[in-house]
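# Topology and contacts: notes
Letter by letter, the chains look like this.
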Amino acid sequence: MGVLIGSGGGGGGDLLSERAATMRRSLLKSQSITDNMVSILGSFDHRLSALETAMRPTQIRTHAIRRAHENIDKTLKAAEVILSQFDLTRQAEAKILKGPHEDLETYLVAIEQLRENINFFSSNKSFKSSDGVISHANGLLNKAISKLEEEFKQLLSSYSKPVEPDRLFEGLPSSMRPSPGSPSDQPDVNGKNPSPNGHHHEHHNAENAVYTPPTLIPPRVLPLLHDLAQQMVQAGRQQQLLKIYRDTRSSVLEESLRKLGVEKLSKDDVQKMQWEVLEAKIGNWIHFMRIAVKLLFAGERRVCDQIFEGFDSLKDQCFAEVTAGSVAVLLSFGDAIAKSKRSPEKLFVLLDMYEIMRELHSEIGTLFRGKACNEIRESALGLTKRLAQTAQETFSDFEEAVEKDATRTAVADGTVHPLTSYVINYVKFLFDYQSTLKQLFQEFESGDGSDSQLAAVTMRIMQALQTNLDGKSKQYKDPALSNLFLMNNIHYMVRSVRRSEAKDLLGDDWVQRHRRIVQQHANQYKRIAWAKILQCLSIQGLTSSGGSAVSGDGGNSSGVSRAIVKDRLKTFNIQFEELHQRQTQWTVPDTELRDSLKLAVAEVLLPAYRSFLKRFGTLVETGKNPQKYIRYTPEDLDHMLNEFFEGKTLNEPKR
């Protein structure tokens, strides 16, 4: 720089100074512009701030207007919803005022609309008139449900009719249907009939039999009733629903049973009845129980389940209340029998009743399920237990009653005593109830219910009968008749056992032992009845000296006393005629036993008579009036012996 200045002289320095001055001026000018711009921008910023301040109220108003528009839209939409709800209420009201009878489906839709409206206004409490609307809708809903109640009642009543007995019988298995005009069972020859009504075999087949419960209400009506019931439950009208259903169906059920023949009988009524009448009523009761449970109650349960589907507790409650009265009538008769005075003939009807209750036990449990039916189930079980208890006590009484039977009416002809035939029939009937008796043994005697227990009981009853017969045989003044009586009765016992299931239970030993007893009494009869008359035909005492007067070849000895022979024959005739007169009135009812007894007598008497006549007859025949002493030929005696034990009365002609 120094060189340039130095070498360039003064003109170069001026140029540089000029350029520096220009630059300075430019910088100063630029600074001035910048300052001006800053000043302008500052002023602009001030103005913007003022403008913003001026604009703020306008913005606020604009935002408020926009929000107001949004609120108006919302309000209009809400009003539209509310108005539509009002419109639905008016529509529902119109349908409800028409009533449910013409169009139940539309009516139910209207009720549903009302419920929705009530829910809507309940959740929109800010709406000023919501309380009034809710109150109006609730009033309308109550009116609607009341009309539904009436409809339910009217519909249920019009389709609830008692079931005629014939329709019920059609639901029974064919083997159990009553045959018109069938004769009732006759009692046996002695007027004793321990068998109730001949129906006690039915339960063996009943387990697999098919029952068809009647249609109590047409199937097409059940869905309508279900819908109506559902509405009433939703409206909290369970109690009204229960009352309508119970009152309608229970009276119809009771009427069905009345038509069938079920009667309300108290314990006093039962106690006053003649046994034959009561026995028939018990037989009927067994049928009524089966029909009631398997047909009527089963049908009633089906109807109840369909109408109250979805409401289990109500379903059980309704069924319990509908059936309670009918069940009580049926069970009270059973209770009256179970609690009535015990007597031997009641054992079999008690067992029949016990059997039907056991047969129906599981079905009663199924039909009367649920807490509401507890009492009914317990009543049925209680009756079953009481019947079992009374049957067991009656059975125990029987053995004692047989042994102590104090019947003083002796059978004059020595035949089978009514007690014997009664007890034997009783024992035979026991075998029809083997399974039931085993059940009783298990329940009350802590046993295994095996055949051995029934065998032991049967043997005790037979022994009790023999003990009693021994006592009765002592009533006869004639010991021969006493033995004939025991022979007849024990023979009847043996023969009956051999022909029944009792033989397997009592065993061959029992049969053989008692056959020997029969033979012993037959032998005793022969010895006692005929010993005296056979003495007349004895060779002893025929001589006046009392010594033997018969020669070795069977001819008559000169030492024989004609007078004694005549006396012997005269005595023989008197005694035989007395025996004939008396013993033709005696009875041996068994043909085989009667013939064998006659033969046994003939085999002893006729040879002795023939021998006596052969040896000593000539002594009489050569004297005066031989026919006075020899009144009968051996053939005559044989013929007269054949008339013995026929039970002839005194005024019947005899030979």
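Just so you know, these numbers come straight off a predicted model, no measurement behind them. (Residues numbered from 1 in each chain as written. Predicted model: local features only at pLDDT ≥ 70, side-chain atom pairs only at ≥ 80, totals over all residues. Heavy atoms only, no water.)

## Concerning the overall build of the chain
- A tally of regular secondary structure across the chain gives 21 helices and 0 strands.
- Pairs at least 24 residues apart make up 80% of the contacts formed inside the chain by residues separated by at least 6 positions.
- With an accessible surface of roughly 35200 Å², the chain has 52% of that area assigned to carbon and sulfur atoms. (Helix = DSSP H or I, 4+ residues; strand = E, 2+ residues; numbered from the N terminus. Contact = heavy atoms within 4.5 Å. Areas by Shrake-Rupley, 256 points an atom, 1.4 Å probe, with all protein chains shown as cover.)

## Some thoughts on the packing of aromatic side chains
- A complete count under the given rule lists 20 aromatic pairs for this structure.
- On the numbers, 6.1 Å between centres and 35 degrees between planes, the contact of F576 with F644 is tilted. Highlighted residues: F576 in helix α19 (residues 562–583) and F644 in the segment after α21 (634–641), separated in sequence by 68 residues. Each member of the pair, F576 as well as F644, carries the same accessibility label: buried.
- Taken together, the aromatic side chains of Y525, W530, F572, F576, W586, Y609, Y632, F644 and F645 make up a single cluster linked through ring pairs.
- R301 extends its terminal NZ or CZ atom over the ring of F319, reaching a point 4.7 Å from the ring centre. (Phe/Tyr/Trp six-rings, centres within 6.5 Å; stacked < 30°, edge-to-face > 60°. Buried < 20%, exposed > 50% of the residue type's maximum accessible area, 1.4 Å probe, protein only. Lys NZ or Arg CZ within 6 Å of the ring centre and 35° of its normal.)

## Comments concerning helix α17 (residues 479–498)
- Between its first and last C-alpha, α17 extends 28 Å over 20 residues, near the 28 Å set by a 1.5 Å rise per residue.
- With 17 of its 20 residues buried, α17 lies for the most part within the structure.
- One side-chain oxygen at the N-terminal end of α17 lies 2.8 Å from the backbone nitrogen of A480; it belongs to D478. (Expected span 1.5 Å × (residues − 1). Polar contact = N/O pair within 3.5 Å; in protein donor to acceptor, adjacent residues only side chain to side chain.)

## Quick word on the packing of helix α11 (residues 312–339) against helix α12 (residues 346–367)
- Where α11 contacts α12, the axes come no closer than 12 Å and their chain directions differ by 160 degrees. The angle between α11 and α12 places the two elements in the roughly antiparallel class. Viewed along their axes, α11 and α12 form a crossing whose handedness is left-handed. On α12, the residues touching F319, L331, G334, I337 and A338 of α11 are L350, M353, M357 and L367.
- Its residues assigned to classes, the contact of α11 with α12 comprises 8 nonpolar, 1 polar and no charged. (Axes fitted to C-alpha atoms, helices over the stretch in contact; angles between N-to-C directions. Parallel < 35°, antiparallel > 145°, perpendicular 65-115°, else oblique. Left-handed = near helix turned anticlockwise from the far one by under 90°. Nonpolar A, V, L, I, M, F, W, Y, C, P; charged D, E, K, R; others polar.)

## Some details on unusual backbone geometry
- The backbone phi angle of F645 is positive, close to 65 degrees, even though this residue is not glycine.
- Within the fold, F645 resides in the segment after α21.
- For F645, a relative accessible area of 1% puts it in the buried group.

## Some words on the side chain of T394
- As for its position among the elements, T394 is in helix α13 (residues 374–404).
- Engagement of the side chain of T394 in a polar contact is seen with the backbone oxygen of T390, the distance being 2.6 Å.
- Apart from residues no more than four positions distant in its own chain, T394 is found in contact with R342, S343, P344, L347 and L350.

## Section: the side chain of S482
- If you trace the backbone, S482 turns up in helix α17.
- Since its relative accessible area comes to 12%, S482 is described here as buried.
- Within polar-contact distance, the side chain of S482 engages the backbone oxygen of S473 at 2.9 Å.
- When neighbours within four sequence positions are excluded, S482 is seen to be in contact with S473, K474 and Y476.

## Focus on the nonpolar core
- With 166 residues, the main nonpolar core has F152 and W530 as its most contacted residues.
- A total of 17 residues in this core trace back to one element, the largest contributor, which is helix α10 (residues 275–307).
- The residues contacting W530, other than those within four sequence positions of it, are Y525, F576, L579, V601, L605, L641 and F644. (Core = buried A, V, L, I, M, F, W, Y, C linked by side-chain atoms within 4.5 Å.)

## Concerning a positive patch on the surface
- Side chains of K428, R498, R499 and R515 sit close together on the surface and give a patch of like positive charge.
- When you line up the elements, R498 lands in helix α17.
- Owing to a relative accessible area of 44%, R498 belongs among the partly exposed residues under this scheme. (Patch = residues over 30% accessible without salt bridge, like charges linked within 9 Å, V, L, I, M, F, W, Y side chains within 5 Å. Salt bridge = Lys/Arg side-chain N within 4 Å of Asp/Glu carboxyl O. Lys, Arg positive; Asp, Glu negative; His and termini not counted. Charge placed at Lys NZ, Arg CZ, Asp CG, Glu CD.)

## A short note on the confidence of the model for the chain
- In this model, the chain carries a mean pLDDT of 82, and residues with pLDDT of at least 70 account for 78%.
- Averaged pLDDT values for the elements of the chain fall to 43 in helix α1 (residues 2–8) and rise to 96 in helix α8 (residues 238–260).
- Low pLDDT (under 50) marks residues 182–204, which in the prediction has 42 contacts with non-local residues, meaning those over four places away or in another chain.
- Confidence over residues 545–557 falls short of pLDDT 50; this stretch has 19 contacts with residues more than four positions distant or in other chains. (pLDDT = per-residue confidence, 0-100.)

## Here we look at the environment of L597
- Mapping L597 onto the fold places it in helix α20 (residues 591–621).
- Spatially, the C-alpha atom of L597 lies 9.2 Å from that of F645, the residues being 48 residues apart in sequence.
- Sequence-distant contacts of L597, defined by excluding residues within four places in its chain, comprise L484, M487, A522, Y525, V588 and F645.

## Thoughts on the packing of α12 against α13
- It is the contact of α12 with α13, at a shortest axis distance of 9 Å, that shows an interaxial angle of 155 degrees. One element, α12, and the other, α13, form an angle in the roughly antiparallel class. Considering the relative orientation of α12 and α13, their crossing is left-handed. Across the interface between the two elements, L347, L350, L351, M353, Y354, M357, R358, H361, I364 and G365 from α12 touch R377, A380, L381, L383, T384, L387, A388, T390, A391, T394 and F395 from α13.

## A closer look at the environment of T436
- Mapping T436 onto the fold places it in helix α15 (residues 434–444).
- Remark: the alpha-carbon pair of T436 and D352, spanning 84 residues in sequence, is separated by 9.2 Å.
- Each residue touching T436, except ones within four places of it in the same chain, is listed here: L351, Y354 and E355.

## Topic: the pattern of salt bridges
- Evaluation of the coordinates by the stated rule reveals 26 salt bridges.
- One salt bridge in this structure joins D335 and R386, with 2.6 Å as the shortest N-O distance. Of this pair, D335 sits in helix α11 while R386 sits in helix α13, and the two are 51 residues apart along the sequence.
- Through salt bridges with shared partners, a single ionic network connects K243, R246, D247 and E321.

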